[in-house]
Amino acid sequence: MANKEALRELQSRLAERLSAARTQERGKSWLAIECSSRGFLLPLREAGEIFALAPLQPVPHTHRWFLGVSNLRGHLHGVVDLADFLGVKTAEVARDQARLVGFNPRFELNCALMVDRLAGLRSEEHLTLVAEAQAPRPAFVGQRYRDTSGRLWQELNLAELAGDEAFLRILG
């Protein structure tokens, strides 16, 4: 019971910081998430509301990464397993810490990304850009960063993802 309360408190603090960070004009800031033990950064200005994992209704004939639809605050949202979509899913993980991260409403995309765990907020003051060869990659894959503990984080541009043809084509 104490773990659930602590998790709710963390989620509440993150939501407050997320809201405050959106209105501040500073450097880049991200919502840090984990999928299959990999770190990803979602730009705060592109992320929407964070939801607890809700019941899903499967949709036939869709890709495996499209988990189905869910009623989130009275609105129907498609739910995408982000690790599976990105091709980094290693195995089924416990969903006790899983969350759904919506897109910013300005994208007019009723979709939420299922992530394994929220990892807090990050700002560019605490990250160092990692220089790497310019290998071909999807437009939604941004820069790589390293934090002070040495962990790598991959930026995902939600605005680009919202318009990515492969992401929007859910039929399998």
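Summarised in this report is the structure supplied together with it. Small disclaimer: the values here were computed from a predicted structure and weren't measured. (Residues numbered from 1 in each chain as written. Predicted model: local features only at pLDDT ≥ 70, side-chain atom pairs only at ≥ 80, totals over all residues. Heavy atoms only, no water.)

1. Focus on the nonpolar core
Then, number 1: Among the nonpolar cores identified, the biggest contains 31 residues, and L31 and I33 are the most heavily contacted of them.
Then, number 2: Residues in contact with I33, not counting those within four places in the same chain, are R38, G39, F40, L42, L82, V115, R117, L118, A119 and W153.
Then, number 3: With nine residues, the next largest nonpolar core counts F51, L67, A112 and M114 among its residues. (Core = buried A, V, L, I, M, F, W, Y, C linked by side-chain atoms within 4.5 Å. Buried < 20%, exposed > 50% of the residue type's maximum accessible area, 1.4 Å probe, protein only. Contact = heavy atoms within 4.5 Å.)

2. Some remarks on the packing of aromatic side chains
How two aromatic rings sit relative to each other is set out by the distance from centre to centre and by the angle between their planes.
Then, number 1: Summed over the entire model, instances satisfying the criterion amount to seven aromatic pairs.
Then, number 2: Ring centres of W65 and F167 lie 6.3 Å apart, and the angle between their planes is 10 degrees; on these two criteria the pair is classed as stacked. Here the residue W65 occupies a position in the loop between strand 3 (47-52) and strand 4 (66-72), and F167 occupies one in helix 4 (residues 165-168), the gap between them amounting to 102 residues.
Then, number 3: Consider the rings of F103 and F107, whose centres lie 6.5 Å apart with planes at 80 degrees: the pair is edge-to-face.
Then, number 4: Pairwise contacts between aromatic rings join W65, F85, F103, F107, F140 and F167 into one cluster.
Then, number 5: The residue whose ring lies beneath R151 is W153, and the NZ or CZ to ring-centre distance is 4.5 Å. (Phe/Tyr/Trp six-rings, centres within 6.5 Å; stacked < 30°, edge-to-face > 60°. Helix = DSSP H or I, 4+ residues; strand = E, 2+ residues; numbered from the N terminus. Lys NZ or Arg CZ within 6 Å of the ring centre and 35° of its normal.)

No statement about biological role is implied by the geometric values presented.
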